[in-house]
Amino acid sequence: MTLEALRCLCAIIETRSFRAAAERLHRSQPAISQQLKSLEREVGHSLVERKTGRPTPVGELIYAQGTEILQSVESLSHEVADFASVANRELRVGTSDTTALYVLPPLVHEFSSRMPETRVVLVNRNSGAIVEQVLDGTLDLGIVTLPTEMADLEEVALFRQRFVVVVPRSHPLATKRRLSLEALAGEHFVLLEEATRTGAMLRRFFAEYHFTPQVVVDSGSFEVIKRFVSEGVGISLLPEMVVRPDDPVQSIPMTGLPEVTLGAIWRRGAYQSKAQRAFVTMLQERAAGR
């Protein structure tokens, strides 16, 4: 029973597809099929239903233990690499555009000074995609909206983002020191798209207060939303941290707006390299204001 065969079996079961498993492992589809057949001959049982990609009872048994074996091997490999003075190490971090823009630049600069032998590779995705890539080992670390509610992940809370109302500087509401939700009735809204966790949270907030916003534009980018607001297309609700003093928009506090918690995640039980531990510590220090 080889590690390669276990990798192929686990990839098939997790993706429910021979083709997707081949893409994940950068193998040809016939090579994936051959590894599975070889493993089935060795154990004397069928392991995967060919039409659905679902495991048979024996396949489920091997998968459950196989994932632990593969994680242990990967952790050992990373731990051994930590002892080697090898240049061009990588720390793969998944994050949103917002965190990459407003949180990470000074932190990555400091990290590069402390650990110049490690290159930070930033992958910009939404929280759901980052969670999946941390789980499958594509990413070492993720910075996402919490909670993930995933038993296979460790998570640590870092930043709380308060929301504010954002309007054009010339808008009649721009002179208000504080707003109520009723004051926004009849306004056009430019909102974060519902497919994101934060966008979905805003919709739940509106539904809780029986408020139906007149949404004219949905966007996945806070920067795009600010530009549309500055052009007078509509108003928005944005995390306070993304509105800078030089932006051509006005932010206004409003009682009762939701908050979002950002945190770091990594696979439970996976080995944490020195670089990963240092990066998480620096995130915690920055979150604490030190």
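For the structure, check the block above.
Residues numbered from 1 in each chain as written. Predicted model: local features only at pLDDT ≥ 70, side-chain atom pairs only at ≥ 80, totals over all residues. Heavy atoms only, no water.

**Quick look at the overall build of the protein**
- Assigned secondary structure in the protein consists of 10 helices and 9 strands.
- Its C-alpha atoms give the protein principal-axis dimensions of about 75 × 45 × 30 Å.
- The buried share among the 290 residues of the protein stands at 45%. (Helix = DSSP H or I, 4+ residues; strand = E, 2+ residues; numbered from the N terminus. Buried < 20%, exposed > 50% of the residue type's maximum accessible area, 1.4 Å probe, protein only.)

**Section: the nonpolar core**
- V93, L104, F111, L141, A264, F279 and L283 are the most contacted members of the largest nonpolar core, which has 22 residues in total.
- At 5 residues, helix 10 (residues 274-287) tops the list of elements feeding residues into this core.
- In this view, V93 contacts V120, V121, L122, V123, L139, L141, I143 and F279; residues no more than four positions away in its chain are not counted.
- V167, M201, F206 and V260 belong to the second-largest nonpolar core, a separate cluster that totals 21 residues. (Core = buried A, V, L, I, M, F, W, Y, C linked by side-chain atoms within 4.5 Å. Contact = heavy atoms within 4.5 Å.)

**As for the packing of helix 1 (residues 3-15) against helix 3 (residues 29-43)**
- For the pair helix 1 and helix 3, interaxial distance at closest approach is 9 Å and the crossing angle is 110 degrees. Viewed along their axes, helix 1 and helix 3 adopt a mutual orientation that is roughly perpendicular. Between helix 1 and helix 3, the residues in contact are E4, A5, C8, L9 and I12 and I32, Q35, L36 and L39, respectively.
- Residues of the contact of helix 1 with helix 3, tallied by class, amount to 7 nonpolar, 1 polar and 1 charged. (Axes fitted to C-alpha atoms, helices over the stretch in contact; angles between N-to-C directions. Parallel < 35°, antiparallel > 145°, perpendicular 65-115°, else oblique. Nonpolar A, V, L, I, M, F, W, Y, C, P; charged D, E, K, R; others polar.)

**A closer look at the layout of surface pockets**
- Considering only enclosed or pocket space, the largest pocket measures out at about 1,100 Å³ in volume.
- Lining the largest pocket are 27 residues, with E14, L135, D136, G137 and R267 sitting closest to its centre.
- For the lining of the largest pocket, the secondary structure elements donating two or more residues are helix 1, helix 2 (18-25), helix 4 (57-83) and helix 7 (127-135).
- It is helix 4 that contributes the most residues to the lining of the largest pocket, 7 residues altogether. (1 Å grid on protein atoms, 1.4 Å probe; cavity = no way out; pocket = protein on both sides within 12 Å on 5 of 7 lines; lining within 4 Å. Points joined across faces, edges and corners; volume = space filled by probe spheres on them.)

**Looking at the environment of V243**
- Mapping V243 onto the fold places it in the loop between strand 7 (236-239) and strand 8 (249-252).
- Beyond its immediate chain neighbours, meaning those up to four positions away, V243 contacts V166, L238, V249 and S251.

**Details of the environment of E193**
- In this structure, E193 sits in the loop between strand 5 (188-192) and helix 8 (197-208).
- Here the alpha-carbon distance between E193 and N126, two residues 67 residues apart in the chain, equals 11 Å.

**Overview of the packing of aromatic side chains**
- The final tally for this structure, using the stated rule, is 6 aromatic pairs.
- Centroid distance F189 to F206: 5.9 Å. Interplanar angle 75 degrees. Geometry classified as edge-to-face. You can see F189 sitting in strand 5 and its partner F206 sitting in helix 8, a full 17 residues away along the chain. As far as the burial class goes, F189 and F206 line up, both buried.
- With centroids separated by 5.6 Å and ring planes inclined at 55 degrees, the aromatic side chains of F205 and F206 adopt a geometry described as tilted.
- Taking relative accessible area as the criterion, F205 reaches 6% and is therefore assigned buried.
- Overall, F206 belongs to the buried group, its relative accessible area being 2%. (Phe/Tyr/Trp six-rings, centres within 6.5 Å; stacked < 30°, edge-to-face > 60°.)

**Details of the pairing of strand 1 (residues 89-95)**
- Strand direction decides the pairing type here: strand 1 and strand 2 (residues 118-124), joined by 7 bridges, are parallel. Its bridge partner lying in strand 2, L91 is registered against V120.
- Where strand 1 and strand 3 (residues 141-146) come together, 2 bridges link them in parallel fashion. Directly across from V93, in strand 3, lies its bridge partner L141. (Pairing = 2+ DSSP bridges.)

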